[in-house]
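Examination of the molecular architecture
Each chain, letter by letter, is given below.
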Amino acid sequence: MKCRRCKAPAVMDIRRHNASFCADCFLHHCKEQVRRTIDDFKMIAPGERVLVAVSGGKDSLALWDLLLDMGYEADGLYLGLGIGDYSDESGRMARAYADKKGAKLVEVDLRDDYGFDIPSGSKAARRVPCSACGLSKRSLFNKAALDGGYDVVATGHNLDDEAAVLFGNVLRWSTDYLGRQLPVLPGEHGFPRKVKPLVRLGEREMAAFCVLKGIDYIVEECPMAVGNKHLGYKEALNDIEAQSPGSKAAFYFGFLDRASALFTPQAVAERVDLKPCATCGAPTTGDVCAFCNLVVKATK
Ligand code: Q46
Ligand code: ZN
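What comes next is a walk through the structure. All values reported here derive from a predicted model rather than from experimental measurement. (Residues numbered from 1 in each chain as written. Chains lettered and ligands numbered in written order. Predicted model: local features only at pLDDT ≥ 70, side-chain atom pairs only at ≥ 80, totals over all residues. Heavy atoms only, no water.)

Observations concerning the overall build of the protein chain
Note the following rule: Only runs of H or I of at least four residues qualify as helices and only runs of E of at least two qualify as strands under DSSP, and these elements are numbered from the N terminus. Based on C-alpha atoms, the radius of gyration is set beside the globule rule, defined as 2.2 Å times the residue count to the power 0.38. Whether two residues are in contact is decided by their heavy atoms: any pair within 4.5 Å suffices. All accessible-area figures derive from a Shrake-Rupley calculation using a 1.4 Å probe, and residue coverage is judged against the displayed protein chains alone. Charge counting follows a simple rule: Lys and Arg are positive, Asp and Glu are negative, and His as well as the terminal groups are ignored. Every charge is mapped to an atom, namely NZ of Lys, CZ of Arg, CG of Asp or CD of Glu.
Across its full length, the protein chain holds 13 helices and 10 strands. In terms of C-alpha radius of gyration, the protein chain reaches 19 Å, essentially the compact-globule figure of 19 Å for 300 residues. Its C-alpha atoms put the protein chain at 60 × 45 × 40 Å along the principal axes. Taking all contacts inside the protein chain whose residues are at least 6 apart in sequence as the whole, residues at least 24 apart take part in 69%. Working note: accessible area of the protein chain is about 14800 Å², and carbon and sulfur atoms make up 53% of it. Across the protein chain, the 40 positively charged side chains and the 39 negatively charged ones have centroids separated by 3 Å.

Take a look at the structure:
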């Protein structure tokens, strides 16, 4: 197996591109994929300040590394979710990377700052942990970005993540979610712009990127994810991909090219009715936003 770019012995093959790469050319390939994604979807303009949502996992640390390497002014944001050893370890990984690079890591801790953690708070609020967690993350990323004067929030969702979410949304024809499943959501109505620069790179590529760059990341999955639907969709898509390489990318990018616009009118209509939350000021459709409601129930 030889590197497609320089003909040196290859260390990594990417079946959907029908290509193999040596270590240096693979890292170059990752950077080019991200550069193309940022340019094509107009994700980040020169001089804009980026807040990277860092979980301590491979995707978010690789994204932070790529953005810093490409010269973006990118700070990290770590959210302490209070999920036992998993959170302790993931926080250590995020801090270790920031220290190594001399990069700025903003930290918000659900327990210290809001009085609950995901395992106990979701129980008290009678919500599925991942739903309470996702809601908290969305709200706190927005808040941290606006408070810190950032122009963009970047998350490490990769091709496997986006294809699995799309698969779930299509299985249930969740047309409202389909209207919002884009690699860039504009900043408007009091929300910062949200971007996903890793959508052209798969899970396996992100793990290889971290190994080749010597980035330590938390390998364990969050214990709350065990048995959730999202992992099942990923497995189903992996089976399809193994039989027919390129299916995931065709599914996701075909949706973006040919179908997503059909669902956007509904998503746009929903955003027009937003007003400030009576408690925290964040944009919401009700009087009090979903996160403030969660805080009340989770801390009872
Ligand atoms: S961290 Fe949170 Fe995930 Fe854990 S509780 Fe669920 S949503 S699985 S990405
Ligand atoms: Zn609120």
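Next comes the rest of the write-up.
A closer look at the nonpolar core
Basically, it comes down to this: Here, nonpolar core means buried Ala, Val, Leu, Ile, Met, Phe, Trp, Tyr and Cys residues that are tied together by side-chain atoms lying within 4.5 Å of each other. With a 1.4 Å probe rolled over the protein chains alone, any residue whose accessible area is under 20% of its type maximum counts as buried; one over 50% counts as exposed, and the rest are partly exposed.
Counting residues in each nonpolar core, the largest one holds 75 residues, and the members touching the most others are Phe26, Trp64 and Leu67. The residues touching Leu67, leaving out its near neighbours within four places in the chain, are Ile38, Ile44, Val50, Val52, Tyr72, Ala74 and Ala154. By size, the runner-up hydrophobic cluster in this structure holds 10 residues, among which are Leu159, Val199, Phe253 and Phe263.

Some details on the side chain of Glu48
Counted only if it meets this: Two N or O atoms count as a polar contact when they lie within 3.5 Å, although within protein this holds only if one can serve as hydrogen donor and the other as acceptor, and sequence-adjacent residues are included solely when both atoms are side-chain atoms.
Along the chain, Glu48 turns up in the loop between α1 (23–40) and β3 (49–53). A polar contact is formed between the side chain of Glu48 and the backbone nitrogen of Ala45, at a distance of 2.9 Å.

Some points on a positive patch on the surface
To keep it simple, the criterion reads: Only residues whose relative accessible area exceeds 30% and that take part in no salt bridge are eligible for patches, with like-charged residues grouped when within 9 Å of each other and nonpolar side chains (Val, Leu, Ile, Met, Phe, Trp, Tyr) grouped when within 5 Å. Note on definitions: salt bridges are taken to be side-chain nitrogens of Lys or Arg within 4 Å of carboxyl oxygens of Asp or Glu.
Residues Arg127, Arg138, Lys297 and Lys300 make up a contiguous surface patch of positive charge. With respect to the helices, strands and loops of the structure, Arg127 is situated in the loop between α5 (118–124) and α6 (129–147).

Topic: the coordination of the zinc ion (ligand 2)
Inclusion rule: Water is not part of the atom set, so a site may look incomplete; the donors themselves are N, O and S atoms within 2.8 Å of the metal, or 3.2 Å for Na, K and Ca. Donor angles set the geometry label: tetrahedral for four donors if every angle is between 85 and 135 degrees, square planar for four and octahedral for six if opposite donors exceed 155 degrees and the others are between 65 and 115, irregular for anything else.
The protein atoms that coordinate the zinc ion (ligand 2) are Cys277 (SG), Cys280 (SG), Cys289 (SG) and Cys292 (SG), at distances spanning 2.3 Å. Each of the 4 donor atoms around the zinc ion (ligand 2) contributes to a set of angles spanning 105 to 115°, which defines the coordination as tetrahedral. Written as a sequence motif, the donor arrangement for the zinc ion (ligand 2) is C-x2-C-x8-C-x2-C. For Cys277, a relative accessible area of 4% puts it in the buried group.

Quick look at the sheet that holds strand β6 (residues 152–154)
Backbone hydrogen bonds hold the strands of a sheet together, and the pairing may be parallel or antiparallel. Condition: One bridge is not enough; two strands pair if DSSP finds at least two bridges between them. Lines fitted to C-alpha atoms define the axes, with helix axes restricted to the stretch in contact, and inter-axis angles between N-to-C directions lie between 0 and 180 degrees.
The strand order β5-β4-β3-β6-β8-β7 describes an open sheet built from 6 strands, whose pairing is mixed. Unpaired on one side and paired on the other, β5 (105–109) and β7 (184–185) mark the two borders of the sheet. Across 3 bridges, β3 lies against β6 in parallel orientation. Of the residues in β6, the one forming a bridge with Val50 is Val152. Sheet strands in contact with helix α2 (residues 58–69) are β3, β4 (73–80), β5 and β6, and its direction is about 160° off that of β3. The strands that α6 touches are β3, β4, β5, β6 and β8 (193–195); relative to β4, the one it contacts most, it runs at about 140°.

Considerations on the pattern of salt bridges
Considering all chains together, one arrives at 21 salt bridges under this definition. Residue Glu48 pairs with Arg193 through a salt bridge whose shortest N-O separation is 2.8 Å. With Glu48 in the loop between α1 and β3 and Arg193 in strand β8, this pair connects stretches of sequence that are 145 residues apart. Taken individually, Glu48 and Arg193 each receive the classification buried, so the pair is uniform in this respect. Each member of the salt-bridge network shares a partner with another, and the members are Lys58, Asp59, Asp161, Glu203 and Lys234.

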